[in-house]
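If you want the building blocks of each chain, they are given just below.
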Amino acid sequence: MPVSDDEKVTIPEVLPIIPMRDLVLFPNLVLPLFVGRERSILALEEAMRGDHHVGLLAQRVSDTQDPGPDDLFTIGCAGTVLQELKLPDATARALVEGIARFRVVEFISTEPFLQARIEMIDESEVTPGMETEAAMRALVADFEKAAELGKPIPQEVLMAAGAVEQPGRLADFVAFHLNLKSEEKQTILEAIDPSERMERTSTFLHKELEILELGSKIQSRVQESMTKSQREYFLHEQLKAIQQELGQYDEIQAEMDDYREKIAAAGMPEEVSEKAEKELGRLEKMPQAAPETAVIRTYLDWLIGLPWQKEDEEKLDLIEAKKILDEDHYGLEDVKKRVLEYLAVHKLTNRMRGPILCFVGPPGTGKTSIGRSIARSLGRKFIRMSLGGVHDEAEIRGHRRTYVGALPGRIIQSISQAGTRNPVFMMDEVDKIGADFRGDPTSALLEVLDPEQNNSFQDHYLEAPFDLSRVMFITTANLLDTIPPPLRDRMEVIHFPGYTEDEKLHIALQYLVPKQLTEHGLTAARLEICDDAIHSIVRRYTREAGVRGLERQIAMICRQVARRVVEGHRGKTKVTGRSVSRYLGPPKFNFGMAEKRNEVGTATGLVWTEAGGDVIFVEATTMPGRGKLILTGQLGDVMRESAQAAVSYIRAHAGQLGLEPDFADKLDMHIHVPEAAIPKDGPSAGITMATALASALMSCAVRREVAMTGEITLRGHVLPIGGLKEKLLAAHRAGIKTVLVPKENLRDLVLLPERVRSEMEIVPVSTMDQVLERALVDGCAPGGKGPRRA
Ligand code: ADP
């Protein structure tokens, strides 16, 4: 009787044989069997009758239904049936534990079941050497790897594999659990030599590993491509589903469609509409809750809102234009003439080429108002923008969209507000534009105003060019000097010099009073403001070149009358020169120089400020000292130098003025220009300061009714100055009777209103001698009665 070495179990020489489909049993392992075929059941029963031993042989072809001896391999595994369970349908289940390999010697019967004479195969294992040990470890490692790669091997099986000590047994163990094909398992079963068996197992295991690795590679590649393209898609679909569920989806889609239509209808140039489409595409793909959607929406709204093509139809009839200008404005003949000429050129060339108009003059002189009338006569929209205090280029050109809260620059904003691309665009205060570390707005402004470049104005926010060439730009400024020179070069300057008292009266009666009446809901039947009331307001309540203050005062009267009307007052209110103070309070200014006396050391000068011309009083005094010159009254550099020049002139001409040659060694001189809080500058007070100082040094009074303006040289020449017309108007307003002006300025007098010229004596002077002769009281002038001591 053959004996299995390991188990010391005696196996009978003849065994009932159960053929197996797709299954191979190995020694020391337990296999559950499902026994269905009749002969197999009988064989099982035979085993159970005896000592539970069976021989298991694999079929060569698993499909064979009722295999005979030739259909079976000849090497198999003998085993003990540990358990048998008969099922109601006459089949059975059995649990068989492998004992040892056997070889079939011969089949002794095939009916009623297969029965064979067998011989056990000697499997005596040796203690493994180092090499075998290494091979065993490698096999276990590969086995574990297979589990890692997804082979369904339970953890306890892996642990059991590590505990197997003999190579042949380990090979069986691994082969059994690897789920190999049955013929593969059979080859392992047939490998009697333990190392041969190890090798075969390891070959199959490697093959298995390769397949597993390939599988996981393919899977990860598939997953990767999924992540990239489809993940997003899936998320969007999910989002859409959620939105639909919430009833939002249709709204969003409708909004996108709406955007698309608006982009198509906005008349954008192709490159811009492409950009808009691109942004819209981004918006659509984005989850609607993302903060960036708001940024894109705002951007699209700006693009859509701009008048890319929209413009007002222009009508330009010069006769009509003249009518409108006259209708809206009193006087300003020169301005109107220049404006009409400009419009005529525009009509002939049909383009906005040529210099930009620049209106220069004090506040309230009608600059804005003329601009409005130009727009009206052209049938275009009128927009205004102030450049005062603009330091940053980004204010003109906008911020790039990467900035939080970025917006287009003020130019594009204004155009967007206007809603047409050909408005009359007035830029106020070009003289107040500044430059600092944030950039120079002037250069951006140059691009805006330059007809050669502004057809593709680049705004940083829009990132797309906008055509500004149809816009009619007009700039305004209070002073010409402070306009950056490159800008000034491109502009055609039209001066608004300010109004005479007479003109103000007309403007008030014909324009300001009716306008204020309407604005306050009054009529001429309710309120009459008499001529002398206007006169009084002009003289005693305002001191200005324009008519803004005047208009304000008229509005103040209207307000009070409106209140009385509402309170039930009936009848008409008449405001006269006498009753003005009832509405406006006590007079704010003195008119004329009447109350002033001729004084020593005080001379009357004329200056030109942003508010127009003005009258100033220069004071000079001397005190014991050592020739120091003190200057006060917030004088600018140019004015200080001018004062130095005046002193030098007097010192150089001391003898001629009847002063002691060394007078300056014993005296300090102080020149002060009152209204010290207001900064003053410019060279035009030169002769005034020299006169005041000469008067102080000579102890000789200056005539109160004489005012003067002019720059002084060291040799005592009088040089021309700017803004003469404004200064003369101011002198006239102040009731001055004689004005000394530089001889070279005489040509400017042509522009002076006749009335002003006839009411004042204008004396041209070219030297300081002439100035002193006219300014000092009789007998004081050099060459007069004789010197006075200082
Ligand atoms: P500016 O722009 O020069 O500061 P505005 O044009 O705003 O001055 O003028 C101030 C006010 O004076 C406006 O109500 C304007 O209509 C009025 N005004 C100025 N000049 C005249 C004029 N020549 N005729 C009629 N109204 C005038």
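Treat the numbers as computed from the prediction; the structure is a model and nothing was measured.

The rules behind the values
- Residues numbered from 1 in each chain as written.
- Predicted model: local features only at pLDDT ≥ 70, side-chain atom pairs only at ≥ 80, totals over all residues.
- Heavy atoms only, no water.
- Buried < 20%, exposed > 50% of the residue type's maximum accessible area, 1.4 Å probe, protein only.
- Helix = DSSP H or I, 4+ residues; strand = E, 2+ residues; numbered from the N terminus.
- Pairing = 2+ DSSP bridges.
- Right-handed = clockwise from strand over helix to strand, strands pointing away.
- Near = heavy atom within 4 Å.
- Polar contact = N/O pair within 3.5 Å; in protein donor to acceptor, adjacent residues only side chain to side chain.
- Areas by Shrake-Rupley, 256 points an atom, 1.4 Å probe, with all protein chains shown as cover.
- Arc of directions from axis to C-beta.
- Contact = heavy atoms within 4.5 Å.
- Axes fitted to C-alpha atoms, helices over the stretch in contact; angles between N-to-C directions.
- Parallel < 35°, antiparallel > 145°, perpendicular 65-115°, else oblique.
- Left-handed = near helix turned anticlockwise from the far one by under 90°.
- Nonpolar A, V, L, I, M, F, W, Y, C, P; charged D, E, K, R; others polar.

Caption draft 1: The pairing of strand 27 (residues 738-742), seen in detail. In terms of burial, strand 27 is a largely internal element, five of the five residues being buried. The alternating pattern of strand 27 places Thr738, Leu740 and Pro742 and Val739 and Val741 on opposite faces, both of which are buried. As paired elements, strand 24 (residues 706-708) and strand 27 share three bridges and run parallel to each other. Its bridge partner being in strand 27, Val706 is matched across the sheet by Thr738. Bridge analysis of strand 27 against strand 28 (residues 761-765) gives five bridges, and the strand direction is parallel. Among the inter-strand pairings, Leu740 is bridged to a residue of strand 28, identified as Val763. Following the backbone out of strand 27, through helix 25 (residues 754-759) and into the adjacent parallel strand 28, one traces a crossover that is right-handed.

Caption draft 2: Geometry of the site of the ligand. Taken together, 20 residues are adjacent to the ligand, and Gly364, Lys367, Thr368, Lys515 and Arg548 come closest. Here Lys367 contributes a side-chain N or O atom positioned 2.7 Å from an oxygen atom of the ligand. Glu551 places a side-chain nitrogen or oxygen 2.9 Å from an oxygen atom of the ligand. Here the ligand has 560 Å² of accessible area as a free molecule, and 90% of this is covered by the chains. At the level of secondary structure, the elements contributing two or more residues to the shell around the ligand comprise helix 12 (367-378), helix 17 (501-519) and helix 19 (548-566).

Caption draft 3: View of helix 3 (residues 155-163). Val157, Leu158 and Ala161 are the residues of helix 3 that are buried. One side of helix 3 carries all its buried residues, which in axial view fall inside an arc of 100°. What points out from helix 3, more than 90 degrees from its buried face, is the exposed set Gln155, Glu156, Met159, Gly162 and Ala163. Those residues of helix 3 hidden inside the fold are in contact with helix 2 (130-148) and helix 4 (167-177).

Caption draft 4: Molecular detail of the packing of helix 10 (residues 318-328) against helix 11 (residues 333-349). Running from N to C, helix 10 and helix 11 point in directions that differ by 150°, and their axes come no closer than 11 Å. One element, helix 10, and the other, helix 11, form an angle in the roughly antiparallel class. Crossing of helix 10 over helix 11 shows right-handed handedness. The residues of helix 11 that touch helix 10, namely those facing Leu318, Ala321, Lys322, Leu325 and Asp326, are Lys336, Val339, Leu340, Leu343 and Ala344. Split into classes, the residues belonging to the contact of helix 10 with helix 11 amount to seven nonpolar, no polar and three charged.

By themselves, these figures tell us nothing about what the structure is for.
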